[in-house]
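One-letter residues, chain by chain:
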Amino acid sequence: MNIKARFEIIRSAFQLSVDVAIPSSGVTALLGPSGCGKTSLLRAIAGLDRHPKGRLSINGTVWQDAGSFVAPHLRRLGFVFQQASLFPHLTVQNNLNYGARRRRKKTGYQAHDVIDLLGIGHLLKRRPSTLSGGEQQRVAIARALHAQPDLLLLDEPLAALDRERKQDVIPYLETLHQSLSIPVVYVSHSLDEVARLADHVVLFDGNHIQSCQSVERVFTRLDLPLAAHDDAESIIEGTIRRFDQVDGLTEIEFANNCSFWVVGDRGHPGTKVRLRIAARDVSLTLKRPEATSILNCFEAKVDAIDAQHGKPQVTVRLLVGDRPLLSRITRKSSKALDLVPGMSLYVQVKTAAVA
Amino acid sequence: MTLSSADFTALALTAQLAGLTTLVLLLVGTPLAWWLARSTQRWKVLIEAVVALPLVLPPTVIGFYLLIAFAPDGFVGQALNSLGLAPLVFTFAGLVVGSVIFSMPFVVQPLQNAFAAIGEQTLEAAATLGASPLDRFFSIAVPLAWPGYLTAAVLGFAHTVGEFGLVLMIGGNIPGETQTASISIYEHVESLQYGQAHALAATLLLFSVLVLIPVYALNRHVRMAGR
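Each chain has its residues counted from 1, running along the sequence as written. All chains are assigned letters beginning with A, and all ligands numbers beginning with 1, in the order in which they are written. Local features in this predicted model are restricted to residues whose pLDDT is 70 or higher, and side-chain atom pairs enter the listing and the counts only when it is 80 or higher, whereas totals over whole chains, interfaces and linings include all residues.

### Observations regarding the overall build of chain B
Right, so step 1: Within chain B, the regular secondary structure consists of 11 helices and 0 strands.
Right, so step 2: Across chain B, helices and strands are ordered from the amino to the carboxyl terminus as α-α-α-α-α-α-α-α-α-α-α.
Right, so step 3: Expressed as a percentage of the 227 residues in chain B, the buried residues total 37%.
Right, so step 4: Contact definition: two residues whose C-beta atoms, as placed from backbone geometry, lie within 7 Å. For chain B, long-range pairs separated by at least 24 residues make up 74% of all intrachain contacts whose partners lie at least 6 apart in sequence. Strands here are runs of E lasting at least two residues and helices are runs of H or I lasting at least four, both read from the DSSP assignment and numbered beginning at the N terminus. Exposure classification rests on a simple neighbour count of other C-beta atoms within 10 Å of a residue's own: a residue reaching 20 or more is buried, one at 12 or fewer is exposed, and one in between is partly exposed. C-beta atoms are placed from the backbone.

### Describing the overall build of chain A
Right, so step 1: Counting its regular elements, chain A contains 8 helices and 21 strands.
Right, so step 2: Only C-alpha atoms enter the radius of gyration; for comparison, a globular chain is expected to reach 2.2 Å times N to the power 0.38, where N is the number of residues. In terms of overall dimensions, chain A is globule-like: its C-alpha atoms have a radius of gyration of 22 Å, near the 20 Å expected for 355 residues.
Right, so step 3: For chain A, the spread of C-alpha atoms along the three principal axes comes to 65 × 50 × 35 Å.
Right, so step 4: For chain A, the residues scored as buried account for 40% of the 355 residues in total.
Right, so step 5: Counted over contacts in chain A with a minimum sequence separation of 6, partners at least 24 positions apart contribute 65%.

### A word on the environment of arginine 274 of chain A
Right, so step 1: Its location among the elements puts arginine 274 of chain A in strand 15 (residues 272-278).
Right, so step 2: As a C-alpha pair, arginine 274 of chain A and isoleucine 235 of chain A span 39 residues in sequence and 6.7 Å in three-dimensional space.

### Quick word on the sheet that holds strand 1 (residues 2-10) of chain A
Strand-to-strand pairing in sheets goes through backbone hydrogen bonds, with the strands running parallel or antiparallel.
Residues and elements named next belong to chain A.
Right, so step 1: For two strands to be treated as a pair, DSSP must find no fewer than two bridges joining them. The 4 strands lie next to each other as 2-1-4-5, forming an open sheet whose pairing is antiparallel. For this open sheet the edge positions go to strand 2 (15-23) and strand 5 (61-64), each flanked by a neighbour on one side alone. Put simply, the sheet's adjacent strands are angled 20° from each other on average, direction ignored.
Right, so step 2: When strand 1 meets strand 4 (residues 54-58), the two strands line up antiparallel, connected through 5 bridges. The partner of alanine 5 across the bridge, within strand 4, is leucine 56. Where helices are involved, their axes are fitted lines through C-alpha atoms of the stretch in contact, as for all axes, and angles between N-to-C directions lie from 0 to 180°.

### A short note on the domain arrangement of chain A
By a widespread convention, an interface's size corresponds to the accessible area lost as its parts come together.
Right, so step 1: An automatic or database domain assignment supplies the residue ranges for each domain. Domains assigned within chain A are domain 1 (2-211) and domain 2 (233-354).
Right, so step 2: Using C-alpha coordinates to define each centre, domain 1 of chain A is positioned 34 Å away from domain 2 of chain A.

### Remarks on the packing of helix 2 (residues 92-102) of chain A against helix 4 (residues 133-146) of chain A
All names here are of chain A.
Right, so step 1: Packing of helix 2 against helix 4 leaves a shortest axis separation of 7 Å and a crossing angle of 30°. On the basis of the axis angle, helix 2 is roughly parallel to helix 4. Judged by the twist between their axes, the crossing of helix 2 over helix 4 is right-handed. Every residue of helix 4 that contacts helix 2 at Val92, Asn95, Leu96, Tyr98, Gly99 and Ala100 is listed here: Val139, Ala142, Arg143 and His146.
Right, so step 2: Polar here means any residue other than Ala, Val, Leu, Ile, Met, Phe, Trp, Tyr, Cys and Pro, which are nonpolar, and Asp, Glu, Lys and Arg, which are charged; Gly is therefore polar. In terms of residue class, the contact of helix 2 with helix 4 is built from 6 nonpolar, 3 polar and 1 charged. Should an angle lie under 35 degrees it is considered roughly parallel, over 145 roughly antiparallel, and from 65 to 115 roughly perpendicular; all remaining angles are considered oblique. With the far helix as reference, a near helix turned anticlockwise by less than a right angle produces a left-handed crossing, and one turned clockwise produces a right-handed crossing.

### Here's the deal with the packing of helix 1 (residues 5-38) of chain B against helix 5 (residues 92-116) of chain B
Residue and element names in this part refer to chain B.
Right, so step 1: One can describe the packing of helix 1 onto helix 5 by two numbers: an axis separation of 7 Å at closest approach and a directional angle of 45°. Relative to helix 5, the element helix 1 lies oblique. The handedness of the crossing between helix 1 and helix 5 is right-handed.
Right, so step 2: Broken down by class, the residue content of the contact of helix 1 with helix 5 amounts to 19 nonpolar, 6 polar and no charged.

### Quick notes on the interface of chain A and chain B
Right, so step 1: Chain A puts 19 residues into the contact, and the matching count from chain B is 14 residues.
Right, so step 2: Elements with a minimum of two residues in the side of chain A that touches chain B: strand 6 (77-80) and helix 2 of chain A.
Right, so step 3: By residue class, the composition of the side of chain A that touches chain B is 10 nonpolar, 6 polar and 3 charged.

### Quick word on helix 10 (residues 181-190) of chain B
For an α-helix the count is 3.6 residues per turn, leaving residues at separations of three or four pointing the same way.
Right, so step 1: Burial in helix 10 of chain B covers these residues: Ala181, Ser182, Ile183, Ser184, Ile185 and His188 of chain B.
Right, so step 2: Just downstream of helix 10 of chain B, leucine 192 of chain B is the residue with a positive phi angle, here 60°.

### Regarding helix 3 (residues 59-70) of chain B
All names here are of chain B.
Right, so step 1: In this model, helix 3 (12 residues) spans 16 Å end to end at C-alpha, consistent with the 16 Å of a helix rising 1.5 Å per residue.
Right, so step 2: Three or more residues of helix 3 are buried, namely Ile62, Gly63, Leu66, Leu67 and Phe70. Down the axis of helix 3, the buried set is contained in an arc of 135°. They therefore lie on one face.
Right, so step 3: On the buried face of helix 3, the contacting elements are helix 2 (44-56), helix 4 (75-82), helix 5 and helix 9 (165-171). Multiplying 1.5 Å by the helix residue count minus one yields the expected span of that helix. This arc corresponds to the set of directions leading from the helix axis out to the C-beta atoms.

### Observations concerning the pairing of strand 8 (residues 184-188) of chain A
Note on strand geometry: in a regular strand, side chains alternate between the two faces of the sheet.
Residue and element names in this part refer to chain A.
Right, so step 1: For strand 8, a buried count of 5 out of 5 residues is recorded, marking the element as mostly surrounded by other parts of the structure.
Right, so step 2: Taking every second residue as pointing to the same face, both faces of strand 8 are buried, with Val184, Tyr186 and Ser188 on one and Val185 and Val187 on the other.
Right, so step 3: Two strands pair when backbone bridges link them, and strand 3 (residues 27-31) and strand 8 are joined in this way by 5 bridges, in the parallel orientation. Within strand 8, the position partnered with leucine 31 by the bridge is serine 188.
Right, so step 4: Inspection of the sheet shows strand 7 (residues 151-155) paired to strand 8 by 4 bridges, in the parallel sense. What sits directly across from leucine 154, in strand 8, is tyrosine 186.

### Some points on the nonpolar core
Right, so step 1: When buried Ala, Val, Leu, Ile, Met, Phe, Trp, Tyr and Cys residues are joined through C-beta atoms within 7 Å, the set is termed a nonpolar core. Ranked by internal contacts, the top residues of the largest apolar core, which has 100 residues, are Leu30, Ile45, Ala142, Leu153, Tyr186 and Val201 of chain A.
Right, so step 2: When residues of this core are assigned to domains, at least three fall in each of domain 1 (2-211) and domain 2 (233-354) of chain A.
Right, so step 3: In contact with leucine 153 of chain A, other than residues within four places in its own chain, are Leu42, Ile45, Ala46, Leu77, Gly78, Phe79 and Val185 of chain A.
Right, so step 4: Core analysis: the second largest hydrophobic core is formed by 42 residues, Leu67, Leu88, Leu155 and Ile170 of chain B among them.

### Remarks on the sheet that holds strand 16 (residues 282-285) of chain A
Residue and element names in this part refer to chain A.
Right, so step 1: With respect to topology, 5 strands assemble into an open sheet ordered 16-20-17-18-19, the strand pairing being antiparallel. The sheet terminates laterally at strand 16 and strand 19 (323-330), the two strands that pair on one side only. Put simply, the sheet's adjacent strands are angled 45° from each other on average, direction ignored.
Right, so step 2: With 5 bridges joining them, strand 17 (residues 296-306) and strand 18 (residues 313-320) adopt antiparallel strand pairing.

### Observations regarding the pairing of strand 19 of chain A
All names here are of chain A.
Right, so step 1: When you tally the buried positions in strand 19, you get 7 out of 8 residues, the bulk of the element.
Right, so step 2: Inspection of the sheet shows strand 18 paired to strand 19 by 8 bridges, in the antiparallel sense. In the strand pairing of strand 19, valine 314 is matched with isoleucine 329.

### A look at the confidence of the model for chain B
Residues and elements named next belong to chain B.
Right, so step 1: Of the residues in chain B, 97% reach a pLDDT of 70 or more, and the chain-wide mean stands at 90.
Right, so step 2: Residue-level confidence of the predictor is summarised by pLDDT, bounded by 0 at the bottom and 100 at the top. Ranking the helices and strands of chain B by mean pLDDT puts helix 6 (residues 120-128) first, with 95, and helix 11 (residues 194-225) last, with 85.
Right, so step 3: Among the scores for the predicted complex, ipTM is 0.85 and pTM is 0.85.

In structure tokens:
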């Protein structure tokens, strides 16, 4: 059960052949530079643009193929645009009701769930023009969810907001990510948003589109551009085990008997969290380090090395258990350690951000 | 300088004509303005130009062609005759049809501008929330375009009240049937009844001012609120 989309998208600026399968749960990011066709694909899925050559099915229901095209208002989906596009003549409450009234009831989110989830309870009586950009976007997301969609499409919902306003919305999106049961397709050109919010990634790389993969894999594949980035990072999902009150550290387990220690109380035991580890914060050593100030030290295996011709640094892909981890070290160190794929060594991680 | 009963008849007839014309124009103008605002077809400029013709043509030119068409041997007259209907020339119904054509741009253009100002994305958002095209039109487009409707209604009404040449050409001067206030004023002046002419003229002047002030005040208010 998933979303299968195949389109020939022809625009004056570009031509794009898409053939992707998107999982029916979790957040799937369409990631790529501006103007590469991500939004066009999202609009095609919503039926807002009609491309003569296309086939689209959602969990077996055909929305478009050679002979049929389901009009957008008959597709059970939610769409959030870059601009909130709230109805200016209606209050926030009536904006929320607009979609809910037009769709047959279905057991799912209750109105107050959605309102709480997005923290807009105090705004219900206001007019859209009196809200800040971040508040408007939260109402737009709530409005889409309130209509009980089977699929939520987000088109760069943060791109029109400034830095501060983005911080007004991101925490709510993270909460949604954990509590939504429907699939979400999220268009973004921001690695940071994708690292925080996505489970799967469809990478738009020029005119080429990679198939859908887990975010952990896409970020650490040496044959994809993300790993060669200066700010390359690895994403590791883990579970909070305990908070050590004496030292003020939280233990996050991510593989068998492998735990990260991060500073501060990061939540209740059992909570799933996402660690983001910058490749340049990961150093390598051949012997188990002793007497080091670095807490997070794991046994690992070298999976692959990207020589990055002409640069003084190389990127090493490691496996800690079965979790991929990137390390950025100097070419000189790489030679000194005589790194080759398959060899075992130890990694030391200086810091990890909890997303 | 008081209004005679004939003057009151002329004023009532004018109000009837303008009211009916405005109603017809709002009904006909809405789909036309919507299409003009949303269509990307190239030949829509042709329709736009035709709608705008009364802005530039002398009323007598339109009146002249309508007179020919409405006459019993004109193409409209013949068509009506074959349906067993009376010709339109020198009748109130004929004046309504003529006024609808003559005041068309004053209704269609404000509506078209109001519809064009509604962002495409607002309507797309409504579509993704389950609203059909007709539903989107009535639940989003019409409420958002209401200042345009007010302007259109007032301009359409006022412009019909003010027409003269066209009425003279196709309506003649039949009291209670086609003699509107502006025709009455002309007649009073022709027969040197300046006092009567004054009374009617002042009534129309006052009416026009009273009607236009709120419209422009509202437009200003809407523009400010839109910021």
